[in-house]
Amino acid sequence: MRAAASNQPSTASRGYVVVNDASRYDLPAPYTVALDRHTDGPGYMMTVFHQLHCLSYLAEHYQQGYAGVELTKEVAHHTAHCLNYIRQGIMCSADTTLEGKTGAGPGEGSEHEW
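Because the structure is a prediction, the values reported are computed rather than measured. Starting from 1, residues in each chain are numbered consecutively following that chain's sequence as written. It should be noted that, the model being predicted, local features are given only for residues of pLDDT at least 70 and side-chain atom pairs only at 80 or more, the latter also being counted only at that level, while totals for whole chains, interfaces and linings use all residues. To get the side-chain values, take all heavy atoms of the structure and skip hydrogens and water.

A. Main features of helix α1 (residues 47-66). Helix numbers and strand numbers start at the N terminus; a helix is a DSSP run of H or I with at least 4 residues, a strand a run of E with at least 2. What a helix is expected to span follows from its residue count: subtract one and scale by 1.5 Å. Between its first and last C-alpha, α1 extends 28 Å over 20 residues, near the 28 Å set by a 1.5 Å rise per residue. Those residues of α1 that sit buried are F49, H50, C54, Y57, L58 and H61. In the core, the buried residues of α1 are packed alongside β3 (40-45) and α2 (73-92). G68 occupies a position one or two residues after α1 and carries a positive phi of about 95 degrees. A simple rule labels every residue: compare its accessible area, found with a 1.4 Å probe on the protein chains alone, to the largest value its type can have, and call it buried under 20%, exposed over 50%, or partly exposed in between. Contacts were defined at the residue level, with two residues in contact if any of their heavy atoms lie within 4.5 Å.

B. Up close: the packing of aromatic side chains. Stacked, edge-to-face and tilted are the three classes for Phe, Tyr and Trp ring pairs, Trp counted by its six-membered ring, which pair at centre distances within 6.5 Å; planes under 30 degrees apart are stacked, over 60 edge-to-face, the rest tilted. If you walk through the whole model with that rule in mind, you get two aromatic pairs. Plain terms: the ring middles of Y62 and Y66 are 6.3 Å apart, the flat faces sit at 20 degrees to each other, and that makes the pair stacked. A residue pair is termed a helical-turn pair when its members lie 3 or 4 positions apart in one helix, as Y62 and Y66 do in helix α1 at four residues. With a relative accessible area of 58%, Y62 lands in the exposed category. Its relative accessible area of 71% is what places Y66 among the exposed residues.

And the structure:
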């Protein structure tokens, strides 16, 4: 199976979902999120969307820094969080596919077993 790529970092809900009757599951305390334009309530973020947010954040601020934009302490702190969060995701769900030469270049075009 080939992994699909997307340029979309998240959904309109920003990766948050509402779990009805969350007490039935072994979940941590929820975030408070916008349920609609007028109401806030409990919600959980799907890890994949948090990871994609971090990847997008790193790319955006890398490009800004490369362009000479001075980055703030807040950006440095968020960047450190994102690098660590993505590292954890890779280590916890490591893809052990053996890659070889492909016409697409290093690391591209290999078939992955999920």
